[in-house]
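Structure at a glance
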Amino acid sequence: MAKSSIANVKNVNEENGADIAIKARQINVVYSTPTGDIPAVRNVDLDLPKGSITGIIGESGSGKSTLIMAIMNAVTKPGKILSGSVILNGRVDMLKLSTEQQRNIRGNEIGFVFQAAQNSLNPLRRVGQQILDLGRSHDVKDLRGLIKYAKELLTRLGLDADRVLASYQHELSGGMRQRVGIMFALVLKADIVFLDESTTALDMLSQASVLEIIRELQKEKHLTIALVSHDIGVVADLSERIEIFYAGEIVEEGETRKILADPQHPYTRGLIRAIPRISGNIDAAEPLKGSPPDFKTYQQPGCLFYDRCPIRTDSCLKERPKLVNIEDSHKVACFRVGVHDRD
Ligand SMILES: Nc1ncnc2c1ncn2[C@@H]1O[C@H](COP(=O)(O)OP(=O)(O)O)[C@@H](O)[C@H]1O
Ligand SMILES: [Mg+2]
């Protein structure tokens, strides 16, 4: 009896997605512009399993930041979430909460560094004051403890903590601001953390060391992290799973190891070939051909990657390929799975 009830509890938890920190379903976001609506995120399903790092990758303009904002219910005009649900810890739908409830969750349960974080510090207040502001706005009682933890994080991130706390934004370099942004994402001890291009202003060596620290913190504190980058090389080492974004849709997802070893979407292969340290051959690195999706791309029927695809056929224009499972939660949205790229 005990056994079966445990099994039942587990099933119920799985159904509720309690082992999934973020379960986003059918997210659709548009930006209304004078030239028409841009469907920046379309029918996206995304799971962030608890205690794991998920990489979200795609060229600039593919909709990564918009998806992250949508998950936090923080899309602003001219953007609008048209539909979807975002279940947090099997418990609440982020898209149905009051503004006050959302504000509480952002910070306490979900920490984040938005892409614009480099410039999002208040220019008129010192970093230390801004940590106190954040603490007060989230009802932190032990403000001394908060500052102590901020210092610990800054030190781990390779900064002179006392100096940073006493600094204004303009006194910090771009790379320092990014580290400060990461500290802000972590300081309230949220279990879920979104890092959107948060190491891009750093040189390669600093980037590697900051990523290593993020990995350490993730393991220590069992964090759930979404690591967003236009550079597959940045996220591949750290992420258990990756999501490849193109023109507002996920075109491939699965275990990082498997996708790197055997990428199935021609776009994923292009991204990998463009990064020498991933493809393993510096001479063979080649930039992705064609231009990233623009307004016209979204109007196109069929596969949105068609214009740039080395293995396209006419029938790829007939309908939009769906994301389908090819094995063990490795999913691909391509009619030509298994076909080798031509030059
Ligand atoms: N404020 C905005 N107004 C109009 N279009 C926007 C706005 N923000 C983003 N977009 C458009 O939405 C698409 C996705 O953008 P974004 O989510 O920033 O992509 P990424 O983070 O992958 O670079 C792009 O086509 C971009 O031009
Ligand atoms: Mg972005």
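1. Some points on the side chain of Arg106
Here Arg106 lies in helix H3 (residues 99-108). Nearest to the buried, unbridged Arg106 among oppositely charged side chains is Glu100, at 9.9 Å. In terms of polar contacts, Arg106 uses its side chain to reach the backbone carbonyl oxygen of Met72, at 3.0 Å. If we skip the residues at most four places from it in the chain, Arg106 touches Met72, Asn73, Ala74, Phe112 and His138.

2. A look at the packing of aromatic side chains
Counted under the stated rule, the structure contains three aromatic pairs. With a centroid separation of 5.1 Å and 85° between ring planes, the pair formed by Tyr246 and Phe305 is classed as edge-to-face. One end of the pair, Tyr246, is in strand E9 (residues 241-246); the other, Phe305, is in the loop between helix H13 (295-299) and strand E11 (324-327), with 59 residues separating them in the sequence. Residues Tyr246 and Phe305 agree in their burial class; the two are buried. Joined through ring pairs, the aromatic side chains of Tyr246, Tyr267 and Phe305 make up one cluster. Sitting over the ring of Tyr149, Lys189 keeps its end group 4.5 Å from the ring centre. A cation over a ring is seen here: Arg312 above Tyr306, with NZ or CZ 4.9 Å from the ring centre.

3. Describing the site of ligand 1
In the vicinity of ligand 1 there are 14 residues, among which Gly61, Gly63, Lys64, Ser65 and Thr66 approach most closely. Between ligand 1 and the protein, one listed contact pairs an oxygen atom with a side-chain N or O atom of Ser65 at 2.8 Å. Taking 560 Å² as the accessible area of ligand 1 by itself, protein coverage stands at 69%. By residue number, the principal contributor to the shell around ligand 1 is helix H2 (residues 64-71), which donates three residues. Its residues placed into classes, the shell around ligand 1 shows four nonpolar, eight polar and two charged.

4. Re the confidence of the model for the protein chain
Chain-level pLDDT for the protein chain is 89 on average; 90% of the residues reach the 70-or-more range. Across residues 1-14 the pLDDT falls below 50, and counting only partners more than four positions away or on other chains, this stretch makes three contacts in the model.

5. As for the packing of helix H5 (residues 143-156) against helix H8 (residues 204-221)
Relative orientation and spacing of two packed helices are given, respectively, by the angle between their axes and the distance between those axes. For the pair H5 and H8, the least separation of the axes is 10 Å and the interaxial angle reads 135°. Accordingly, the angle class assigned to the pair H5 and H8 is oblique. For the pair H5 and H8, the contacting residues are Tyr149, Leu153 and Arg156 in the first and Ile213, Glu216, Leu217, Glu220 and Lys221 in the second.

6. A look at the sheet that holds E11
With mixed pairing, the eight strands of this open sheet are ordered in space as E6-E7-E8-E3-E9-E10-E12-E11. Of all the strands in the sheet, just strand E6 (110-113) and E11 have a single pairing partner and so form its edges. Shown here is a sheet whose adjacent strand axes are inclined to one another by a mean of 20°, direction ignored. The pairing of E11 with strand E12 (residues 330-332) spans three bridges and is antiparallel. The residue of E12 that forms the bridge with Asn325 is Lys331.

Conventions adopted
Residues numbered from 1 in each chain as written. Chains lettered and ligands numbered in written order. Predicted model: local features only at pLDDT ≥ 70, side-chain atom pairs only at ≥ 80, totals over all residues. Heavy atoms only, no water. Helix = DSSP H or I, 4+ residues; strand = E, 2+ residues; numbered from the N terminus. Buried < 20%, exposed > 50% of the residue type's maximum accessible area, 1.4 Å probe, protein only. Lys, Arg positive; Asp, Glu negative; His and termini not counted. Salt bridge = Lys/Arg side-chain N within 4 Å of Asp/Glu carboxyl O. Polar contact = N/O pair within 3.5 Å; in protein donor to acceptor, adjacent residues only side chain to side chain. Contact = heavy atoms within 4.5 Å. Phe/Tyr/Trp six-rings, centres within 6.5 Å; stacked < 30°, edge-to-face > 60°. Lys NZ or Arg CZ within 6 Å of the ring centre and 35° of its normal. Near = heavy atom within 4 Å. Areas by Shrake-Rupley, 256 points an atom, 1.4 Å probe, with all protein chains shown as cover. Nonpolar A, V, L, I, M, F, W, Y, C, P; charged D, E, K, R; others polar. pLDDT = per-residue confidence, 0-100. Axes fitted to C-alpha atoms, helices over the stretch in contact; angles between N-to-C directions. Parallel < 35°, antiparallel > 145°, perpendicular 65-115°, else oblique. Pairing = 2+ DSSP bridges.

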